[in-house]
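Below are the chains, spelled out letter by letter.
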Amino acid sequence: MAHSIKRIRTLALVGQAGCGKTSLAEALLAKSGSVPPGGSVERGSTVCDYTPLEKQLQHSLKLAVASFESQETRIHLLDTPGYPDFLGHALPALAAVETAAIVINAQNGIEMMTPRFMQWAAKRSLDRLIIVNKIDADNVDLQALLERIQQAFGKECLPLNLPAAKRSRVSDCFFAPSGEAASGEVDFSSVEEAHRRLVDQVVEIDEKLMESYLEKGEVEPDELHEPLERALREGHLIPVVFTSAKTGAGIAELLEVIVKLLPNPTEGNPPAYISVPAAGGEPTDLQPIPDPGRHVLAHVFKIEIDPYIGRLAVFRVHQGRVTPGTQLFIGEGRKPVKAGHLFMLRGKHQTEVNEGLPGDILAVAKIDEIQFDHILHDSASDAHVHARPLDLPTSVFGLAVQPKKRGDEQKVSDVLHKIIAEDPCFRIEHNAQANETVMRGLGEMHLKTVLDKMSSQYKLDLETRLPSIAYRETIAMRADGHNRHKKQTGGAGQFGEVYLKVEPLPRGKGFEFVDGVKGGSIPNQFIPAVEKGVRGVLASGFVAGFPLQDVRVTVYDGKHHPVDSKEVAFVSAGRKAFLDALAKARPIVLEPIVNVEIVAPEERMGDIAGELSGHRAHIKGSDSPRPGLVQIKATAPLAELEHFPARLKSLTAGHGSYSLEFSHYEPAPPQLQQKLVAAHKPQVEAE
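A brief look at the structure comes next. This structure is a prediction, so every number in the text was calculated from the model and none was measured.

For the rest of this paragraph, the subject is the overall build of the protein. When helices and strands are tallied, the protein shows 17 helices and 33 strands. A compact globule built from 687 residues should have a C-alpha radius of gyration of about 26 Å, and the protein, at 29 Å, falls within 12% of that. On the principal axes, the C-alpha backbone points of the protein span a range of 100 × 60 × 55 Å. Buried residues in the protein amount to 54% of all 687 residues. Long-range pairs, those at least 24 residues apart, make up 73% of the contacts in the protein between residues at least 6 apart in sequence.

What follows is the structure, encoded as structure tokens:
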């Protein structure tokens with residue numbers, strides 16, 4: 001097939017776990033003739049769920065790429081996991097595509113993750129398509145579901161086809177609004193009515209076309225293409241299609257929609273890049289241009305470390321042409337590397353290709369320097385170009401870990417760093433105060449999967465326990481600090497004097513150091529030493545041994561000696577002046593607050609609300625995603641939720657699920673502050 005940018009489509013299947021994304025990808029691959037029919041999640045024979053753990057658990061754990069061709073069009077399809085615990089693998093897909101296809105289970109309707117993915121896709125200005133899957137299931141009311149979709153996401157959600165013949169097939173409402181397709185009975189509404197609403201919605205975008213439509217009463221399909229693409233780009237139209245991956249109903253029609261209606265790389269909204277000035281200053285937006293004649297810009301959105309072939313970096317080309325042998329710079333790196341072989345992916349299978357154009361999703365192997373979120377480019381002058389950061393959730397769920405076998409420490413460390421490279425929402429931290437290594441993820445299932453992978457793939461078993469809570473410290477008021485460091489030891493002495501002030505910053509702002517010295521009372525070369533002394537206090541805290549945050553330190557005066565002033569003197573003076581100021585600034589302990597979402601049987605709502613209220617939680621509201629279920633939203637201190645998973649399981653007989661997401665820090669209650677300070681005192685005295 002001749003490779004043309006206009007014949008490329010990129011599509012990410014996103015949505016709640018259990019909505020059938022992987023089966024849908026399999027059905028599309030089979031319908032295009034790219035794989036034999038019959039692949040099944042239950043049998044572990046799908047293209048996209050190819051790891052042993054995914055086959056065993058029968059659900060996706062990571063982002064999978066399935067590229068294939070249909071109707072002379074190259075389609076890059078991304079299949080994503082649907083559990084909130086695996087958002088670190090799902091959200092990066094949105095950085096690589098023109099279209100987000102939000103898949104909804106026809107039986108379950110709008111679930112917890114559905115509105116989230118709609119919002120994330122809209123925030124990244126992606127075209128959105130809603131796929132109602134599993135229309136063959138028992139007890140579904142598709143007309144009511146379409147109405148709920150329009151209530152939740154707007155009247156711009158309009159069907160491109162309608163279920164027909166008791167949900168055994170679909171009738172097209174866009175391409176063939178009259179004739180054979182329209183003559184068949186649809187299960188609700190009518191093809192003509194759906195077609196009229198689609199056209200009405202699209203022509204609103206274009207005044208001239210609207211005038212013509214009002215005069216003639218109809219428009220030609222060719223006239224609709226450009227305004228349709230614009231309507232999709234602007235979110236003025238969100239098409240809805242109906243499918244059953246199991247029976248094949250609507251699959252051919254979905255393939256037709258992808259090829260004929262979804263945008264190519266020149267039609268979608270440009271991806272979000274930023275240019276960061278080398279000399280500092282505010283970053284500016286930068287739009288890659290999908291032109292193969294320009295210099296290369298490509299974004300790495302997935303890293304996979306295969307035990308046999310090593311590191312595989314998967315990237316989306318946004319600008320320029322990549323060929324085998326292209327010299328590519330990696331991020332801010334100054335030395336280019338050679339992309340020896342380029343691969344197109346279909347699950348675990350790799351097909352070597354001889355070029356990548358804007359819109360293509362390709363992979364390169366065995367280049368260890370490439371990390372997640374890197375920009376690959378062929379011009380050293382683009383070292384300042386970055387992808388706009390994804391809004392990934394903060395990992396708050398933790399487990400303290402240590403190897404079961406003595407001597408495995410280094411091996412465990414190596415494997416954990418491989419997992420960190422693959423998963424942007426997995427992190428490791430070392431709590432020096434408690435002398436524990438803590439792995440953090442988005443939930444219990446996330447970390448359990450990491451432990452299972454370490455055991456099955458790397459033959460490493462870890463002992464786990466609940467970690468210490470990640471408390472923080474800050475200050476509640478402004479204060480001044482001063483210290484004079486003076487030491488005379490017979491030869492050259494040490495002298496440095498520092499005056500500084502501290503003040504609280506808004507929550508989440510971190511730490512700021514400001515040089516406010518006038519007149520050279522502290523020479524410029526010693527200011528970094530003062531900052532070093534101040535920063536030395538941040539990690540160890542002041543009242544309870546927890547890291548300090550949300551503090552601004554301004555050094556405004558001091559003294560130096562032309563002979564005795566040295567860096568070490570100003571490090572010490574800066575540290576002690578900071579401690580002096582902290583003692584007067586009413587230091588307090590902050591505790592992490594998390595957003596909690598719980599889905600459980602409706603009859604258990606009272607018990608769950610009581611359980612939450614007993615643990616200092618604030619219930620924000622509740623909803624009913626479908627009959628018999630309740631969705632509760634609350635905020636709660638993380639420390640109070642240590643045993644909540646077990647309690648939820650007990651209260652709901654295993655039918656409840658929950659997700660945690662870091663929200664913010666706020667002052668701990670006075671009794672808890674006193675307890676934490678008292679626990680820290682013996683350690684300080686021992687030191």
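This part covers helix α1 (residues 21-31). Side chains of residues three or four places apart in an α-helix project in the same direction, reflecting 3.6 residues per turn. Most of α1 is tucked away, with eight of its eleven residues classed as buried. Taken together, the buried positions of α1 are K21, T22, L24, A25, E26, A27, L28 and L29. Once α1 ends, the next one or two residues include G33, with phi positive near 85 degrees.

Turning our eyes to something else, we now look at the nonpolar core. Residues L78, F117, I130, I131, V132, I149 and F242 are the most contacted members of the largest nonpolar core, which totals 103 residues. Here I149 is in contact with I104, I110, I130, V132, G154 and C157, once residues within four sequence places are set aside. If you look at the next biggest cluster of nonpolar residues, it comprises 43 residues, including I469, F546, F644 and L648.

Below, the discussion takes up empty space enclosed by the protein. Tallying each qualifying case throughout the model produces three cavities of 30 Å³ or more. Empty space within the largest cavity amounts to approximately 190 Å³. Class assignment for the residues of the lining of the largest cavity results in twelve nonpolar, two polar and two charged. By volume, the second largest cavity amounts to about 60 Å³. Among the residues making up the lining of the second largest cavity, the classes are represented as five nonpolar, one polar and three charged.

Below, the discussion takes up the sheet that holds strand β20 (residues 385-387). Two strands in a sheet stick together by hydrogen bonds in their backbones, pointing the same way (parallel) or opposite ways (antiparallel). Taking strand neighbours across the sheet as the criterion, the three strands line up as β11-β10-β20 in an open arrangement whose pairing is antiparallel. Two strands in the sheet have a free side with no partner beyond their single neighbour: β11 (284-286) and β20. Each adjacent strand pair in this sheet contributes to an overall mean axis angle of 40 degrees, direction not counted. When strand β10 (residues 273-275) meets β11, the two strands line up antiparallel, connected through three bridges. From the neighbouring strand, S275 faces β11, where its bridge partner is T284.

Attention shifts here to the sheet that holds strand β22 (residues 427-431). One open sheet holds the four strands; their spatial order is β22-β23-β21-β24, and the pairing between them is antiparallel. Edge positions in the open sheet fall to β22 and β24 (462-465), since each of these has one partner strand only. Each strand of the sheet is rotated relative to its neighbour by a mean of 35 degrees, with strand direction disregarded. In this structure, strand β21 (residues 397-403) lies alongside β24, joined through four bridges in antiparallel fashion. Across the sheet, residue A400 finds its bridge partner in β24, namely R465.

With that out of the way, let us pick up unusual backbone geometry. If you check the backbone angles, Q71 has positive phi at about 50 degrees while not being a glycine. Tracing the backbone through its elements, the reader meets Q71 in the loop between β2 (64-70) and β3 (73-79). Residue classification places Q71 among the partly exposed residues on the basis of a relative accessible area of 37%. In this structure, K166 is a non-glycine residue whose phi angle is positive, near 55 degrees. Of note, K166 is situated in the loop between β7 (161-164) and β8 (169-172). Given the relative accessible area of 76%, K166 is considered exposed.

Right, let's get into a negative patch on the surface. Residues E218, E220, D222 and E223 make up a contiguous surface patch of negative charge. Residue position: D222 is located in helix α9 (residues 221-233). The exposure class assigned to D222 is exposed, which follows from its relative accessible area of 72%.

With that settled, consider the pattern of salt bridges. All told, the structure shown has 30 salt bridges when counted by the stated rule. Its salt-bridge partner being R484, residue E497 comes within 3.1 Å of it at the nearest N-O pair. Linking E497 in strand β27 (residues 494-504) with R484 in strand β26 (residues 479-487), this pair joins segments that are 13 residues apart in sequence. Classification of E497 as buried rests on a relative accessible area of 2%. A salt bridge links R647 to E611; the nearest nitrogen and oxygen atoms lie 3.0 Å apart. Highlighted residues: R647 in helix α16 (residues 644-651) and E611 in helix α15 (residues 605-613), separated in sequence by 36 residues. Exposure remark for R647: the relative accessible area of 34% places this residue in the partly exposed category. Taken together, the shared-partner salt bridges connect E193, R196, R197 and D200 into one network.

Procedures and definitions
Residues numbered from 1 in each chain as written. Predicted model: local features only at pLDDT ≥ 70, side-chain atom pairs only at ≥ 80, totals over all residues. Heavy atoms only, no water. Helix = DSSP H or I, 4+ residues; strand = E, 2+ residues; numbered from the N terminus. Rg over C-alpha atoms; globule rule 2.2 N^0.38 Å. Buried < 20%, exposed > 50% of the residue type's maximum accessible area, 1.4 Å probe, protein only. Contact = heavy atoms within 4.5 Å. Core = buried A, V, L, I, M, F, W, Y, C linked by side-chain atoms within 4.5 Å. 1 Å grid on protein atoms, 1.4 Å probe; cavity = no way out; pocket = protein on both sides within 12 Å on 5 of 7 lines; lining within 4 Å. Points joined across faces, edges and corners; volume = space filled by probe spheres on them. Nonpolar A, V, L, I, M, F, W, Y, C, P; charged D, E, K, R; others polar. Pairing = 2+ DSSP bridges. Axes fitted to C-alpha atoms, helices over the stretch in contact; angles between N-to-C directions. Patch = residues over 30% accessible without salt bridge, like charges linked within 9 Å, V, L, I, M, F, W, Y side chains within 5 Å. Areas by Shrake-Rupley, 256 points an atom, 1.4 Å probe, with all protein chains shown as cover. Salt bridge = Lys/Arg side-chain N within 4 Å of Asp/Glu carboxyl O. Lys, Arg positive; Asp, Glu negative; His and termini not counted. Charge placed at Lys NZ, Arg CZ, Asp CG, Glu CD.

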